[in-house]
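Observations on the three-dimensional arrangement
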Amino acid sequence: MEQLIQVVLSGLATGSIYALAAIGFTLIWQAAQTVNFAQGEFVMLPAFFVLIGINFLGMPLWLAMLFGLALSVLILGVAFKRILVDPLLSHGGLSLIIATMAVAILMKELVKEFYSAEAQPYPALVPQGAWDLSGVIISLQDISHLIICFVVIVGLTLFLDKTKVGRCMQAAAQNAAVAEILGVNVKRMILYTFVVNAVLATLASFLITPVYLAKFSSGEYLGLIAFIAAIVGGFNQVRGALAGGLLIGVLDNITATYITAEYRQAIPLLLLIAVILFKPEGILGKPEGRAV
Amino acid sequence: MTHPLLSVRSVSKRFGNIQAVNDVSFDVQQGEILGLIGPNGSGKSTLFNCLLGQYQPDSGSVALKGSNITGKSPSELNLLGIGRTFQQLSVFPEMTVIDNVILAGQEHSGSMISRLFGSPDAGLTKAAEKLIGFFKISHLRDEPAGSLSYGQQKLLDAAMAFMAEPSLVLLDEPAGGVNLTMLGNLKERLQAFNSEFGTTFVVIEHNMEFVMSLCSRIIVLAEGSVIAEGTPEEIRSNQTVIDAYLGA
């Protein structure tokens, strides 16, 4: 029993990081009706910004993290939106989706070329250690990951529901034409969405890289898992992406512990197939009508 | 000299070989309910879109209280006090009814910082509640707008149009797809707004009964041009209008 609680808790901790990246998928889908297949690389890259800050600019960790966050917002948020999304969006979602695949390859190759192809050690935010709560061993890292993700996701929800900007972002996503007429600057709201996505990806990067190390290819699996999590939970709902991320995190851990670690990567795919067959809108998603 | 509230002068709009709107001129006086009717393809919607900034007219001008508003964007016109309802449903489906109305009245300008920390509904909740009360949809206050019936969404749409306290409201086929009870309700509410607050309306509508009983003056368009203008009684007995509708 203790082991099961441990496995579930640590699965939730990993799942909450998947959820951060998965929520980015849903936000971008709502705002721009497109899918960012470079999402995994968006999580990989900020870790390298931090390493550049530490190793080449001599910054302390906290400053390097701020530096990484700022660069991510500028490059993965503002520049990505302005240089890639703006010119391509009017040609439909598909060309943009293909362009994001190209961006993913470009980012990986740039890191490999200019930084290193080897996995790089990355400083942990949380000291190693564990608590023993009457037999249940919980690592400090897992607990802090859970708490950080919880705070960020609650903060995001409050931001979207309780601020003028957040409501305008929702309005722009739900009915852009009318929002525009009511005076909402729809283009700016879409930009904010990409910035929020960049911030979420950066946070996911800061949390997961100490576990998996910084490597040019580390975004591949994470991007795929986050994409699956968003579909499983409900691609058009933030809470769906959250649920999908947590579910996959827990299932992944349970499979690895009780069944076999060999097939752990297959489980999310099986779940994906089941959801597409039986509930294509996702566990918490809403069916989307499309006028033909 | 006092200007009419809205003054349309020689507005024309052409799409390829089709002259959708041809040299249309008319005035809308303060406090009036003006109907704009015509057979399908007569240019009503194109004219409406020219007035609302959706299309740029090829020639001609539109003035609000004497100042030129030709070519202004829909959001600029919204700020200038021109409200509108939509033929297609315009609500934000996942927000509640009250949040839809609040959003319609919200100040959308200002810096990101001020808009982050300013309450989204400072003072607006009361006004929004009054409006949904006025349109008799208070009982749906906290329902997601997408779950409302078509007729209820039309009432919500109307409530949203009034949130910015417009002096002129353009209604685009308000009766389309609305059942009779809801229609009577909508008409009565619009008339009440008109008499209580002096709000001016321009209505495009296919439902003759609705237009004739709501409007004080009617303009008839056919093939892009104004073919008749007058009170509902005059229009009812106008041979040119009857011919245009019968395709003679």
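Residues numbered from 1 in each chain as written. Chains lettered and ligands numbered in written order. Predicted model: local features only at pLDDT ≥ 70, side-chain atom pairs only at ≥ 80, totals over all residues. Heavy atoms only, no water.

Counted by the stated rule, this structure contains 14 salt bridges over all chains. The shortest N-O distance in the salt bridge between E220 of chain A and K108 of chain A comes to 3.1 Å. Here E220 of chain A is found in helix α9 (residues 218-233), whereas its partner K108 of chain A is found in helix α4 (residues 93-114), with 112 residues between them in sequence. For K108 of chain A, a relative accessible area of 15% corresponds to the buried category. A salt bridge links R167 of chain A to D99 of chain B, with the nearest nitrogen and oxygen atoms 3.1 Å apart. On the criterion of chain membership, the pair formed by R167 of chain A in helix α6 (residues 164-174) and D99 of chain B in helix α3 (residues 97-105) is interchain, its members lying in two chains. Members of the salt-bridge network, linked through shared partners, are E32, R217 and E229 of chain B. (Salt bridge = Lys/Arg side-chain N within 4 Å of Asp/Glu carboxyl O. Helix = DSSP H or I, 4+ residues; strand = E, 2+ residues; numbered from the N terminus. Buried < 20%, exposed > 50% of the residue type's maximum accessible area, 1.4 Å probe, protein only.)

Residues and elements named next belong to chain A. Looking at where T100 falls in the secondary structure, it is placed in helix α4. A relative accessible area of 2% places T100 in the buried class. Placed 123 residues apart in sequence, T100 and G223 show a C-alpha to C-alpha distance of 12 Å.

Once that is clear, we can look at the packing of α9 of chain A against helix α11 (residues 266-278) of chain A. Residues and elements named next belong to chain A. Their axes nearest at 10 Å, the elements α9 and α11 cross at an angle of 30°. Here α9 is positioned roughly parallel relative to α11, judged by the angle of their axes. By crossing handedness, the relation of α9 to α11 is classed as left-handed. Where α9 approaches α11, its residues I225, I228, I231 and V232 are matched on the opposing element by P268, L269, L271, L272 and V275. (Axes fitted to C-alpha atoms, helices over the stretch in contact; angles between N-to-C directions. Parallel < 35°, antiparallel > 145°, perpendicular 65-115°, else oblique. Left-handed = near helix turned anticlockwise from the far one by under 90°. Contact = heavy atoms within 4.5 Å.)

Next up on the list: the nonpolar core. Ranked by internal contacts, the top residues of the largest apolar core, which has 138 residues, are F92, V101, F135, L156 and F201 of chain B. Those residues within four positions of F92 of chain B in sequence are excluded, and the remaining contacts are A171, Q174, N175, V178, A179 and L182 of chain A together with N100, L103, A145 and M160 of chain B. (Core = buried A, V, L, I, M, F, W, Y, C linked by side-chain atoms within 4.5 Å.)

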